[in-house]
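Understanding the architecture of this molecule
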Amino acid sequence: MTEYRPASELQTCYHCGLPIAPGTQFFVTINGVPRAMCCAGCEAVASAIVAGGLGDYYRHRDALPEARREAMPAELKDLGLFDHAEFQKGFVREIGEHEREADLILEGITCAACVWLNEQHLARQPGVTAVQVNYATRRARVRWDPAQTKLSAVLAAIAAIGYRAHPYDARKSEQLAVKERRTALWRLLVAGLGMMQVMMYAYPVYIARDGDMTPDVLFLMRWASLALTLPVVLYSAAPFFQHAWRDIKLRRLGMDVPVALGVGAAFLASLWATLVGGGEVYFDSVTMFVFFLLCGRFLEMVARQRAVRGAEELGRVVPTFAARFTNWPASQTEDVPVMSLAAGDVLRIRPGEAIPADGKVLEGQSEADESWLTGESRAVPKTVGDHVACGSINGSGPLVVRAEHVGEETRIASIRRLMERASAERPRIVEQADAFAARFVLVLIVLAAGAGLYWWVVEPARAIWIFASVLVVSCPCALSLATPVALTVATDALARVGLLVTRGHAIETLARADLFAFDKTGTLTQGRLALSDIRQAPGQTNALALASALEQASEHLIGRALVCANGARPAFEVSALRSVAGRGVEGAIAGERLRVGNRSFVEELAGPAPDWLDAGGGLTTVYLGGQHGWRGQFTFDDAIRPDAAALISGLRRDGATPAVLSGDAPDAVRGVAAQLEIQDAHGGLLPEDKHEAVRRWQADGRTVAMVGDGINDAPVLAQAHVSVAIGSGTELARTQADLILLGEALRPLLVGRHLAKRTLGVIRQNLAWSFAYNVLAIPAAMLGWVTPWMAGIGMSASSLLVVLNALRLRQTRDHY
């Protein structure tokens, strides 16, 4: 039961600070204490703050609001908006009937422990089904059940542990990055100025001989150093103490705990020595350590932001507004937000503008820069009937485009989601490094305490700074950064050359793969099948029209080629249509069941093959037949990709074995394999046959990479250790794959293979350096050979070296 007290005794409102009228009886219990409010509005707002889990707002606020309209903290205002369906349109997706997913930016992430803390804390919230936080990008992907919780409750849970979350937006992300850099730079400048000034007072003390400096001058020097060190400790080093205190409250040992202990111990010992007028002071060491550590973290932050900028730029290529025709073909247009576009809208694209949606050109002739998609810098000509991609830059001519896919349905949005999936997943090697770093912090604190106690007995004057040096010189951050930073940089570099990473393990596995299995049609060949020959049964005149009708809805390259070859001729009405993966299509036309597909599939329905059929001559061949016999045979030409031979020879030089697994006719498969000098080639395979072939290779100890493009390839792509899909392939193949070739070229796969191997090398270098540094530095500090300022330089340099070494991966090399 809340105990009410006369408001007149309290004078001012605890929430907004305004005077309380006599006789007012509004109260809210905050942090266990009844607090008086001036009005019902403040009472309601304060109650909402407490109920939303934001009671710490009152504990941490620096000052009362200046006006009543500002009495509600910005955090609470934002949280209320997040639950509105209209507000959620831009960043919340429906995963199923009972699940929603949002991408958020987290402020306050400073180390791997922060990632762990947020993931563990959110995972325990009622209704939260999944959460992944990426350290390099500061992005969180959260899934929840809207029947059990609200997004505002998720954000309140994040705020309750000292972090802030915003809906992901590429421009907002850049603003936060600028703010982060500016704040870090100010803290660095204050620490630098404090360090220089403190050293001016410390230097005379170091060089003075006995009797050169009177006690009064020494007393003045110490107090001046204390006054100059206070801003460094209270402002520049504040994040270390804040994050350490948060970790301790949550019973976690983060990377900032040893730093805070070292700085705090050295400063408190110096403060006590100054107050009592005896003992050693370490103000110079404290300021130097804080400065060098902040310097290292600032450079590390800049390098990290540079490393992830490629992925973030993908979200910024889409324009904010688009020129939409109000009544096409009338010339009147209106500027509308891109988010409000719908499929079917007709848009005007001026020269030099970014294209706001995937669509088809209705009018005009120009060229488009699609380098974000393919990694190819040459512009692609565009004319009436051509498709354009959202985010591409229009060239010299105006275009009129009909939007076909907008917003989250565009190809760039799909690519961005796949990249986010890859960055959110934590590979096994990252989890192992994080687990080791967490244990390392505990061992470090025990070693520092043991060294401090030993020196307190042996030589008390050195105990404090040796304790601080041991805590400071170690570098658990470098251990945690060694792997994720290298993978992030490599992911960005691969995307720039046209190879998109969609799974966290893909880079590691691609580097280790020793057998590359390829589909034939559309992978090793260009997939632009051209009908070169038609053989029809005696008396049959419409075999092509029948086959085209059966393949009308097919995504397969052969099906599309048949439809294209048939042109605009009238199609037959088809019923009972079904597709049999890896074999063909069956349907009923005019009461007769017909099949188009491989020879054995048609033979099951049409009976033994007649003599007039041709062997196909090593070309791609499909057949048409029905209940009343065989109807026709279709032969296709399909040129081998220009860079396929170079890819195969490059993989062979790199120690990998190439192979072909195809559902195409065995003769056609052997013909392509012979041209590419591939010894292990298998044709006429069903999807389950491909799956079984990969499984056998894996049982023999091979690490298998599968490259394919079609629906038939989806099962085998899922079975392989690492899978690569051709970007022009089917949606199912792309979603199953670990990597996607965005353009038509195969060259990025070989570049990616070499870059993946370099990435593993960089990770090994980073881990070896971090381990060797700590093995040498910690014993040296325990022996008293390392001062705190030297420790600060060592720790900062160690983390920075890891990041800079990873940045070397941005320099991709051509291996042809």
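Residues numbered from 1 in each chain as written. Predicted model: local features only at pLDDT ≥ 70, side-chain atom pairs only at ≥ 80, totals over all residues. Heavy atoms only, no water.

1. Some points on the overall build of the protein
Stated precisely, the cut-off is as follows: Strands are runs of DSSP state E lasting at least two residues, helices are runs of H or I lasting at least four, and both sets are numbered from the N terminus onward. When a residue's accessible area, from a 1.4 Å probe over protein chains only, is under 20% of the maximum for its type it is buried; when over 50% it is exposed; and in between it is partly exposed. Here a residue-residue contact requires only that any non-hydrogen atoms of the pair lie within 4.5 Å. Accessibility throughout is a Shrake-Rupley quantity obtained with a 1.4 Å probe, and a residue counts as covered only by protein chains that appear here.
When helices and strands are counted, the protein shows 28 helices and 29 strands. Relative to its full complement of 816 residues, the protein shows a buried share of 53%. In the protein, of all internal contacts separated by at least 6 residues, the share reaching a separation of at least 24 is 67%. Of the accessible surface of the protein, which amounts to about 36400 Å², a share of 57% is contributed by carbon and sulfur atoms.

2. Considerations on the pairing of strand 3 (residues 92-96)
To keep it simple, the criterion reads: Should DSSP find at least two bridges between two strands, the strands are taken to pair.
One ladder, built from four bridges, connects strand 3 with strand 4 (residues 99-107); its direction is antiparallel. By the bridge assignment for strand 4, E94 is matched with R100.

3. A look at the sheet that holds strand 15 (residues 393-394)
As a general point, the strands of a sheet are linked pairwise by backbone hydrogen bonds and lie either parallel or antiparallel. Overall, antiparallel pairing links the three strands, which are arranged 13-12-15 in an open sheet. The sheet is open, and its two borders are formed by strand 13 (380-382) and strand 15, each paired with just one other strand.

4. Things to note about the sheet that holds strand 24 (residues 629-637)
The test is simple: For every element, the axis is a line fit to its C-alpha atoms; helices are fit only across the contacting stretch, and the angle between N-to-C directions ranges from 0 to 180 degrees.
The six strands are arranged 19-24-23-22-21-20 in an open sheet whose pairing can be described as antiparallel. Single-partner strands in this sheet number two, and they are strand 19 (530-536) and strand 20 (575-580). Strand-to-strand, the axes of this sheet are offset by a mean angle of 15 degrees, without reference to chain direction. Taken together, the four bridges between strand 22 (residues 592-597) and strand 23 (residues 620-626) define a ladder with antiparallel strand orientation.

5. Here we look at the pattern of salt bridges
As a reminder of what qualifies: We count a salt bridge whenever a side-chain nitrogen from Lys or Arg sits within 4 Å of a carboxyl oxygen from Asp or Glu.
Under the defined criterion, the tally for this structure stands at 21 salt bridges. Here R702 makes a salt bridge to D514, at a shortest N to O gap of 3.5 Å. On the criterion of sequence distance, the pair formed by R702 in the loop between helix 24 (687-699) and strand 27 (704-708) and D514 in the loop between helix 17 (506-512) and strand 18 (515-518) is long-range, its members being 188 residues apart. Overall, the relative accessible area of 26% leaves R702 in the partly exposed class. In this structure, E604 and R595 form a salt bridge, with 3.3 Å as the shortest nitrogen-oxygen distance.

6. Observations regarding the packing of helix 15 (residues 460-473) against helix 27 (residues 747-782)
Rules: Roughly parallel refers to an angle under 35 degrees, roughly antiparallel to one over 145, roughly perpendicular to one between 65 and 115, and oblique to any angle outside these ranges. Nonpolar residues are Ala, Val, Leu, Ile, Met, Phe, Trp, Tyr, Cys and Pro. Charged residues are Asp, Glu, Lys and Arg, and all others, Gly as well, are polar.
Contact geometry for helix 15 and helix 27: axes closest at 8 Å, N-to-C directions at 175 degrees. Between helix 15 and helix 27, the crossing angle belongs to the class labelled roughly antiparallel. Here I466, S469, V470 and V473 of helix 15 come into contact with helix 27, specifically with Y773, A777, I778, A781 and M782. Residues belonging to the contact of helix 15 with helix 27 are distributed by class as follows: eight nonpolar, one polar and no charged.

7. Digging into the packing of helix 9 (residues 238-249) against helix 10 (residues 256-276)
The test is simple: By definition, any crossing whose near helix is turned counterclockwise from its far helix by less than a right angle is left-handed, and any crossing with a clockwise turn is right-handed.
At their nearest, the axes of helix 9 and helix 10 sit 8 Å apart, and the two run at 120 degrees to each other. Between helix 9 and helix 10, the angle is such that the two are oblique. With respect to the hand of their crossing, helix 9 and helix 10 are arranged in left-handed fashion. Residue-level contacts link F240, F241, H243, A244, D247 and I248 of helix 9 to D256, V257, V259, A260, V263 and G264 of helix 10.

8. Examining the environment of V232
Tracing the backbone through its elements, the reader meets V232 in helix 8 (residues 215-236). Separated by 43 residues in the primary sequence, V232 and L189 have C-alpha atoms spaced 9.6 Å apart.

9. Let's talk about the confidence of the model for the protein
Short version of the rule: For every residue, the predictor assigns a confidence score, pLDDT, that lies between 0 and 100.
Looking at the protein as a whole, the pLDDT averages 78, with 79% of positions reaching at least 70. No element of the protein has a lower mean pLDDT than helix 3 (residues 74-82), which averages 53, and none a higher one than strand 18, which averages 94. Low pLDDT, under 50, characterises residues 1-10; the stretch is placed with 14 contacts to residues that sit more than four places away or in other chains. This stretch, residues 65-73, has a pLDDT under 50; its non-local contacts, to residues over four places away or in other chains, come to 18 contacts.

10. Some words on the environment of E586
Short version of the rule: Within 3.5 Å is the distance limit for a polar contact, defined as a pair of N or O atoms, with the added protein rule that one can donate a hydrogen and the other accept it, and that residues adjacent in sequence qualify only through two side-chain atoms.
Within the secondary structure, E586 is located in strand 21 (residues 584-589). Note: C-alpha distance between E586 and G597 (11 residues apart in sequence) is 8.6 Å. If sequence neighbours within four positions are ignored, E586 has contacts with L550, A576, L577, R578, R593, L594, R595 and F601. A polar contact is formed between the side chain of E586 and the side chain of R593, at a distance of 3.2 Å.

11. A word on the side chain of E119
Tracing the backbone shows E119 in helix 5 (residues 112-123). On the basis of relative accessible area, E119 is assigned to the buried category, the value being 12%.

12. Brief notes about the nonpolar core
Test applied: Buried residues of nine kinds, namely Ala, Val, Leu, Ile, Met, Phe, Trp, Tyr and Cys, make up a nonpolar core once their side-chain atoms join them within 4.5 Å.
Counting 51 residues, the largest nonpolar core has F289, V290, V470 and V473 as the members making the most contacts within it. Contributing elements (two or more residues each) for this core: helix 7 (170-207), helix 8, helix 9, helix 10, helix 11 (283-316), helix 14 (428-458), helix 15 and helix 27. No other element matches helix 11, which puts 10 residues into this core. When residues no more than four places from it in sequence are discounted, the contact partners of V290 are A191, V232, S236, A237 and V263.

13. Here's the deal with helix 22 (residues 644-653)
Quick note on the threshold: This arc is taken over the directions from the axis of the helix to the C-beta atoms.
Looking only at helix 22, the buried set comprises A644, L647, I648, G650 and L651. Along helix 22, the residues classed as buried sweep out an arc of 165 degrees about the axis, all on the same side. Against the buried residues of helix 22 lie strand 18, helix 18 (520-524), strand 25 (657-661), helix 23 (666-676) and helix 27. Trailing helix 22 by a residue or two, G655 shows a phi angle of about 90 degrees, which is positive.

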